[in-house]
Amino acid sequence: IERNDSKLALQAAQDASAALPESIETLYSLAQAEVFNRQFNQALITVGKIISLQPENIQPLILQAEIQTMMPDRAGAVQSLKRALQLKPDSLAAQLQLIKLEVGSGHMKQARAVVNKIKVQRSDDALAKMIEGDFEQVQKNWPAAAAAYRAALAKQAIGEISVKLHRVLVAQGKNDEAVAHENLWLKQHPKDAEFLIYLGDMAMNRAAYAQAEQRFKTVVELQPNNAVALNNVAWLLSRERRPGAQALAEQAVKLS
């Protein structure tokens, strides 16, 4: 599989499965190889064997849903995930996959019901509020999304959530609030490379190249082996024909 040799991968998995027909690990490998060969119906049969061997395990049901989504069989995937949630009602992996499927099908009411269940199950968890914010953002309910992200940050200061709040404030046209949030976050978390890269990308998108360079250079100071930041500094230097661009670009390529 790593060499992208689909036929040999499938043959190896089939041989292993024939030798060890009840090995869960081997059956998972066989299902993976079948999916790799786009033999989705056969992969579902293989996963069905895992389910029969481990009826109380939700992982094969989640895998079954992933395969059904690829086929695509959204309705079947939804049913598989609901079966998984009957076994383990607080499985976040199954819940997130189910939300994605319901949103993709335009079933917002059903998706919101899952979001609300997560909020109840994880009432003290910042992740639950972030998921709520993501759901509101998909619907472009910007004020509700911002409120959810703020509530999440109040529970736990996570860079990813800070980025999402900033993005939502910009989407609303609340640039002053976005700048205030940016300044406060960097004052409290000056070494948040993820947030700095995000700000650098935003600056590049609006052609504020000097500000973008400052952001990415700060990231390089914090993380000298950050290939993304090195590459972007190289691009910015190259754009103005300043020295050092090639060396930084070569370093970024080597790290990548």
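Residues numbered from 1 in each chain as written. Predicted model: local features only at pLDDT ≥ 70, side-chain atom pairs only at ≥ 80, totals over all residues. Heavy atoms only, no water.

> Please explain the overall build of the protein as it appears in this structure.
Tallying secondary structure elements over the protein gives 15 helices and zero strands in all. For 256 residues, the compact-globule formula gives about 18 Å, and the C-alpha radius of gyration of the protein, at 23 Å, lies well above that figure. The proportion of buried residues among the 256 residues of the protein is 40%. Considering only contacts within the protein whose residues lie at least 6 apart along the sequence, 44% involve residues at least 24 apart. Of the roughly 14300 Å² of accessible surface on the protein, 52% is carried by carbon and sulfur atoms. Side-chain charges in the protein split into 30 positive and 27 negative, and the spacing between the mean points of these groups amounts to 5 Å. (Helix = DSSP H or I, 4+ residues; strand = E, 2+ residues; numbered from the N terminus. Rg over C-alpha atoms; globule rule 2.2 N^0.38 Å. Buried < 20%, exposed > 50% of the residue type's maximum accessible area, 1.4 Å probe, protein only. Contact = heavy atoms within 4.5 Å. Areas by Shrake-Rupley, 256 points an atom, 1.4 Å probe, with all protein chains shown as cover. Lys, Arg positive; Asp, Glu negative; His and termini not counted. Charge placed at Lys NZ, Arg CZ, Asp CG, Glu CD.)

> Whenever I open this one, the side chain of Thr26 confuses me. Can you help?
Turning to its location among the elements, Thr26 is positioned in helix 2 (residues 24-36). Thr26 gets classed as buried once you look at its relative accessible area, which sits at 11%. Excluding residues within four positions of it along the chain, Thr26 makes contact with Ala13, Ala16, Ser17 and Leu20.

> Any chance you could explain the environment of Ser17 here in plain terms?
For Ser17, the location among the structural elements is in helix 1 (residues 6-19). The class for Ser17 is buried, based on a relative accessible area of 11%. Put simply, Ser17 and Leu186 are 169 residues apart on the chain and 54 Å apart in space, counted from C-alpha to C-alpha. Setting aside anything within four residues of it in sequence, one finds Ser17 in contact with Thr26, Leu27 and Leu30.

> Where do I start with unusual backbone geometry in this structure?
Trans peptide bonds make up most of the peptide bonds, and negative phi angles are found at most residues other than glycine. Of the consecutive residues Met71 and Pro72, the connecting peptide bond is found in the cis state with omega at -5 degrees. Locating Pro72 in the fold gives a position in the loop between helix 4 (59-70) and helix 5 (74-87). At Asn4, a residue that is not glycine, the phi angle is positive and equals roughly 65 degrees. Residue class for Asn4 comes out exposed when judged on its relative accessible area of 59%. Despite not being glycine, Arg38 has its phi angle at roughly 60 degrees, a positive value. Residue placement: Arg38 occurs in the loop between helix 2 and helix 3 (40-53).

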